[in-house]
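Below, each chain spelled out in residue letters.
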Amino acid sequence: QVQPVESGGGLVQAGGSLRLSCAASGRTFTSYAMGWFRQAPGKERDFVAALRRSGVSAYYADSVKGRFTISRDNTKNTVYLQMNSLKPEDTAVYYCAARYRIGNVYNHNDYDAWGQGTQVTVSS
């Protein structure tokens, strides 16, 4: 089983950009679909973006479409989340997740392994 580890969070002004990385240990990275979720204080964990094993089909929350891009590099066992035009409402802890089973890409309960999270703070 892979174990995701996120990096790249930080503080950025509104309108700025950040790129999150998620390195997944394990030799079966290509067997996993990968997703990003986020959780703001006092709120539920929300879907942000996901990418199928092939890296061809990507899915995005409406709130980030056109601003965020998910990608994966299977040679580096890494998935990325490029975040542009950041808004204060994007402030949250961002989690990377790996999914081996067949399931709903939008549902955090259908993911098998999670990273520890990385804080993204967008100032106005």
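Scroll up a little and you will see the structure.
Residues numbered from 1 in each chain as written. Predicted model: local features only at pLDDT ≥ 70, side-chain atom pairs only at ≥ 80, totals over all residues. Heavy atoms only, no water.

**Focus on the overall build of the protein chain**
Step number 1: Summing up its helical and strand segments, the protein chain has 0 helices and 11 strands in all.
Step number 2: For the protein chain, the α and β elements follow one another from N to C terminus as β-β-β-β-β-β-β-β-β-β-β.
Step number 3: Scaling as 2.2 N^0.38, a compact globule of 124 residues should have a C-alpha radius of gyration of about 14 Å, and the protein chain matches this with 13 Å.
Step number 4: Projected onto its principal axes, the C-alpha coordinates of the protein chain cover approximately 40 × 25 × 25 Å.
Step number 5: In the protein chain, buried positions account for 44% of the 124 residues.
Step number 6: Of the roughly 6,200 Å² of accessible surface on the protein chain, 47% is carried by carbon and sulfur atoms. (Helix = DSSP H or I, 4+ residues; strand = E, 2+ residues; numbered from the N terminus. Rg over C-alpha atoms; globule rule 2.2 N^0.38 Å. Buried < 20%, exposed > 50% of the residue type's maximum accessible area, 1.4 Å probe, protein only. Areas by Shrake-Rupley, 256 points an atom, 1.4 Å probe, with all protein chains shown as cover.)

**Considerations on the side chain of Arg38**
Step number 1: In this structure, Arg38 sits in strand 4 (residues 33-39).
Step number 2: Look at Arg38 and you get buried, because its relative accessible area is 11%.
Step number 3: Among all residues touching Arg38, those that are not within four sequence positions of it are Glu44, Arg45, Asp46, Val48, Ser63, Val64, Phe68, Glu89, Asp90, Ala92, Val93 and Tyr94. (Contact = heavy atoms within 4.5 Å.)

**Some words on the sheet that holds strand 7 (residues 68-73)**
Step number 1: Across the sheet, 4 strands lie side by side as 1-3-8-7; this open sheet has antiparallel pairing. The outermost strands of the open sheet, each flanked by one partner alone, are strand 1 (3-7) and strand 7. The mean angle between the axes of side-by-side strands here comes to 20°, regardless of whether they run parallel or antiparallel.
Step number 2: Of the pairings in the sheet, the one linking strand 7 to strand 8 (residues 78-83) comprises 6 bridges and is antiparallel in character. Each bridged residue has a counterpart across the sheet, and for Arg72 the counterpart in strand 8 is Val79. (Pairing = 2+ DSSP bridges. Axes fitted to C-alpha atoms, helices over the stretch in contact; angles between N-to-C directions.)

**Looking at unusual backbone geometry**
Step number 1: Positive phi, normally seen in glycine, also occurs at Asn77, with a value near 50°.
Step number 2: Looking at the secondary structure, you find Asn77 in the loop between strand 7 and strand 8.
Step number 3: At Ser85, a residue that is not glycine, the phi angle is positive and equals roughly 50°.
Step number 4: Topologically, Ser85 is positioned in the loop between strand 8 and strand 9 (92-99).
Step number 5: A relative accessible area of 41% places Ser85 in the partly exposed class.

**Re the state of the cysteines**
Step number 1: Under the defined criterion, the tally for this structure stands at 1 disulfide.
Step number 2: Each sulfur in the disulfide pair Cys22 and Cys96 lies 2.1 Å from the other. Note on the Cys22 and Cys96 pair: the S-S dihedral is about -80°, so by sign convention the disulfide is left-handed. Within this pair, whereas Cys22 is found in strand 3 (residues 18-25), its partner Cys96 is found in strand 9, the two being separated by 74 residues in sequence. Side by side, Cys22 and Cys96 carry an identical accessibility label, which is buried. (Disulfide = S-S within 2.5 Å.)

**Thoughts on the side chain of Arg67**
Step number 1: Take Arg67: it is sitting in the loop between strand 6 (58-60) and strand 7.
Step number 2: Among the polar contacts listed, one links the side chain of Arg67 to the backbone oxygen of Ser63, at a separation of 2.8 Å.
Step number 3: If near-sequence neighbours (up to four positions away) are discounted, Arg67 is found in contact with Gln82, Met83, Asn84, Ser85, Leu86, Lys87 and Asp90. (Polar contact = N/O pair within 3.5 Å; in protein donor to acceptor, adjacent residues only side chain to side chain.)

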